[in-house]
Amino acid sequence: EPAIRPKTGAPLPLATAKPSIAVLAFDNLGGDTDQEYFSDGISEDIITDLSKFAELHVIARNSSFVYKDRVVSIPEIAAELGVRYVLEGSVRKAGNRVRINAQLIDSTTGGHVWADRFDRDLTDIFAVQDEVTREIILALKLELITGVEARSSRRRTIDIEAYNLFLRGREKSWIHSKGGNIEARNLLQSAIDIEPQYAAAHARSAFTHVLDYVNGWADDPDQSLQTAAEMAQRSVEIDEEEKETHFALSAACLWNRELDRALLEAERCLSLEPNSAEGIMVFAHVHIFAGNADKALESINTYMRLDPHYPDIALQFLAEAHISLGQFEEALAALKNRLLRDPSS
């Protein structure tokens, strides 16, 4: 069972005045556990699509996926994450067909705000994701963003087998281990072999090289960081409007001590996807490196609202920001919290 942050005994208040939503990992109804990456990938892509709307508060994948394979009521999940709305659903993939059920629930009433079922060819999967996003935005009475539609239409040209490989590679990259990174890169490279202009695949692969550098998993760390920077730069050149590319390039520039460029890339990432938890964390990290502790602290607090089950490293960044500001009691509290979560850290 995933590690969950220490509970205060009280539910979180609603994170913001904005409509707030958590997208749970969709259930895999295909009967084949090897296909779980696909249902998880659909959920993650919907989170990404919704995260482009600044008018929404969208919980990060890391926190919404905590409830996968656990029996927890929708009101409990909503209270723990500080959201009003929860999207749940299921995916059944069989041959070249896919069936997706989705329902948007208002946790305050338990009622369905919107629900639908989609039976489509697998090649229509991007259109289904777009439709789910559109219906949620309309149900919450928000304005559709013109640019989002244009970006979605470009995504639809991706070969479905390349997309499958990308989902599997991205899933492996979330393991955050040396072995997971190697598997991820192999799968992502297979996707790139089919679709050489697959910007998100180039970017995700670049980020695995950043992780190798940061965690000491590479035989030649400097080469890993150089490879990360080159791949991330290439991904931006392929698709300047893909958020993932700017996130990867920002992370590579950060560790390469190119702070001005890292900040520009982080800002571009967040302009494309305001709710990107990864983007906000790299933005905060750049400011810590640059000595802008106030800005870093503000960003870390925003990040923690988007990812209430945040990883332990966020507490380390929080402590570093407080130390820079001379706020030693707050820094000590953050470090104690980290030790409480993981005494071996």
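The coordinates are above.
To keep things clear, this report deals only with the structure shown in the data block. (Residues numbered from 1 in each chain as written. Predicted model: local features only at pLDDT ≥ 70, side-chain atom pairs only at ≥ 80, totals over all residues. Heavy atoms only, no water.)

### Examining the overall build of the protein chain
Then, in step 1: Across its full length, the protein chain holds 15 helices and six strands.
Then, in step 2: For the protein chain, whose C-alpha radius of gyration is 20 Å, the value lies close to the compact-globule estimate of 20 Å for 345 residues.
Then, in step 3: If you line up the protein chain on its principal axes, its C-alpha atoms span 55 × 50 × 40 Å.
Then, in step 4: Sorting the 345 residues of the protein chain into buried and exposed places 51% on the buried side.
Then, in step 5: The contacts of the protein chain with a sequence gap of at least 6 include a subset with a gap of at least 24, amounting to 62%.
Then, in step 6: Carbon and sulfur atoms make up 49% of the accessible area of the protein chain, which amounts to about 15300 Å² in all.
Then, in step 7: Averaging the locations of the 36 positively and 55 negatively charged side chains of the protein chain gives two centres separated by 3 Å. (Helix = DSSP H or I, 4+ residues; strand = E, 2+ residues; numbered from the N terminus. Rg over C-alpha atoms; globule rule 2.2 N^0.38 Å. Buried < 20%, exposed > 50% of the residue type's maximum accessible area, 1.4 Å probe, protein only. Contact = heavy atoms within 4.5 Å. Areas by Shrake-Rupley, 256 points an atom, 1.4 Å probe, with all protein chains shown as cover. Lys, Arg positive; Asp, Glu negative; His and termini not counted. Charge placed at Lys NZ, Arg CZ, Asp CG, Glu CD.)

### Concerning the pairing of strand E6 (residues 112–121)
Then, in step 1: Strand direction decides the pairing type here: strand E5 (residues 97–106) and E6, joined by nine bridges, are antiparallel. By the bridge assignment, Ile100 is partnered in E6 with Phe118.
Then, in step 2: Here E5 hands over to E6 after five residues, with Gly110 in that stretch at a positive phi of 80°. (Pairing = 2+ DSSP bridges.)

### Some thoughts on the nonpolar core
Then, in step 1: Ranked by size, the top nonpolar core spans 47 residues in total, and within it Phe38, Leu87 and Tyr163 carry the most contacts.
Then, in step 2: Not counting the four nearest positions on each side in its chain, Tyr163 is found in contact with Phe38, Gly41, Ile42, Asp45, Ile125, Phe126, Gln129, Ile158 and Tyr198.
Then, in step 3: If you look at the next biggest cluster of nonpolar residues, it comprises 44 residues, including Ala206, Phe247, Ala314 and Phe317. (Core = buried A, V, L, I, M, F, W, Y, C linked by side-chain atoms within 4.5 Å.)

### Looking at the packing of helix H7 (residues 178–194) against helix H8 (residues 199–215)
Then, in step 1: One way to put it is that H7 packs onto H8 with a least axis distance of 9 Å and a crossing angle of 160°. Here H8 runs roughly antiparallel to H7, going by the angle between their axes. At the point where H7 passes H8, the crossing takes the left-handed sense. Two secondary-structure elements touch here, H7 through Asn181, Ala184, Arg185, Leu188 and Ile192 and H8 through Ala201, His202, Arg204, Ser205, Thr208, His209, Leu211 and Asp212. (Axes fitted to C-alpha atoms, helices over the stretch in contact; angles between N-to-C directions. Parallel < 35°, antiparallel > 145°, perpendicular 65-115°, else oblique. Left-handed = near helix turned anticlockwise from the far one by under 90°.)

### Concerning the side chain of Asp312
Then, in step 1: Residue position: Asp312 is located in the loop between helix H13 (293–306) and helix H14 (313–324).
Then, in step 2: Within the local environment of Asp312, its side chain forms a polar contact with the side chain of Arg341, the two groups lying 2.6 Å apart.
Then, in step 3: If we ignore the near neighbours within four places in the chain, the residues touching Asp312 are Arg338, Arg341 and Asp342. (Polar contact = N/O pair within 3.5 Å; in protein donor to acceptor, adjacent residues only side chain to side chain.)

### Quick notes on the packing of aromatic side chains
Then, in step 1: Tallied over the full model, the rule gives six aromatic pairs.
Then, in step 2: Ring centres of Tyr37 and Phe38 lie 6.4 Å apart, and the angle between their planes is 85°; this geometry places the pair in the edge-to-face category.
Then, in step 3: Residue Tyr37 is classed as buried on the basis of its relative accessible area, which comes to 12%.
Then, in step 4: Classification of Phe38 by relative accessible area gives buried; the value is 1%. (Phe/Tyr/Trp six-rings, centres within 6.5 Å; stacked < 30°, edge-to-face > 60°.)

### Considerations on unusual backbone geometry
Then, in step 1: Notably, His176 is not glycine yet its phi reads approximately 55°, a positive angle.
Then, in step 2: With respect to the helices and strands, the residue His176 is situated in the loop between helix H6 (160–173) and H7.

### Concerning the environment of Glu267
Then, in step 1: Take Glu267: it is sitting in helix H11 (residues 259–272).
Then, in step 2: C-alpha of Glu267 to C-alpha of Ala334: the two residues are 67 residues apart in sequence and 26 Å apart in space.

### Digging into helix H15 (residues 328–341)
Then, in step 1: In a regular helix each residue adds 1.5 Å, so 14 residues correspond to 20 Å; H15 covers 20 Å between its end C-alpha atoms and thus fits that length.
Then, in step 2: Taken together, the buried positions of H15 are Ala331, Ala334, Arg338 and Arg341. For H15, the angular spread of buried residues about the axis comes to 85°, placing them on one side. Opposite the buried face of H15, by more than 90 degrees, sit the exposed residues Phe328, Glu329, Lys336 and Leu340.
Then, in step 3: Looking at the buried side of H15, the elements it contacts are H14. (Expected span 1.5 Å × (residues − 1). Arc of directions from axis to C-beta.)

### Examining the pattern of salt bridges
Then, in step 1: Summed over the entire model, instances satisfying the criterion amount to 21 salt bridges.
Then, in step 2: Here Glu278 ties to Lys243 by a salt bridge, and the two come within 3.7 Å at their closest N and O atoms. In this pair, Glu278 is assigned in helix H12 (residues 277–290) and Lys243 in helix H10 (residues 243–255), connecting sequence segments 35 residues apart.
Then, in step 3: Here Arg261 ties to Glu258 by a salt bridge, and the two come within 3.8 Å at their closest N and O atoms. (Salt bridge = Lys/Arg side-chain N within 4 Å of Asp/Glu carboxyl O.)

### Considering the layout of surface pockets
Then, in step 1: Its boundaries defined by the atoms lining it, the second largest pocket holds a volume of some 300 Å³.
Then, in step 2: What lines the second largest pocket is a set of 19 residues, among which Ala25, Asp27, Tyr67, Lys68 and Asp69 lie closest to the centre.
Then, in step 3: Mapped onto the lining of the second largest pocket, the elements with two or more residues apiece are strand E2 (27–28), helix H1 (36–50), helix H3 (74–81) and strand E4 (85–94).
Then, in step 4: The element contributing the most residues to the lining of the second largest pocket is H1, with three residues.
Then, in step 5: Tallied by class, residues from the lining of the second largest pocket come to eight nonpolar, four polar and seven charged. (1 Å grid on protein atoms, 1.4 Å probe; cavity = no way out; pocket = protein on both sides within 12 Å on 5 of 7 lines; lining within 4 Å. Points joined across faces, edges and corners; volume = space filled by probe spheres on them. Nonpolar A, V, L, I, M, F, W, Y, C, P; charged D, E, K, R; others polar.)

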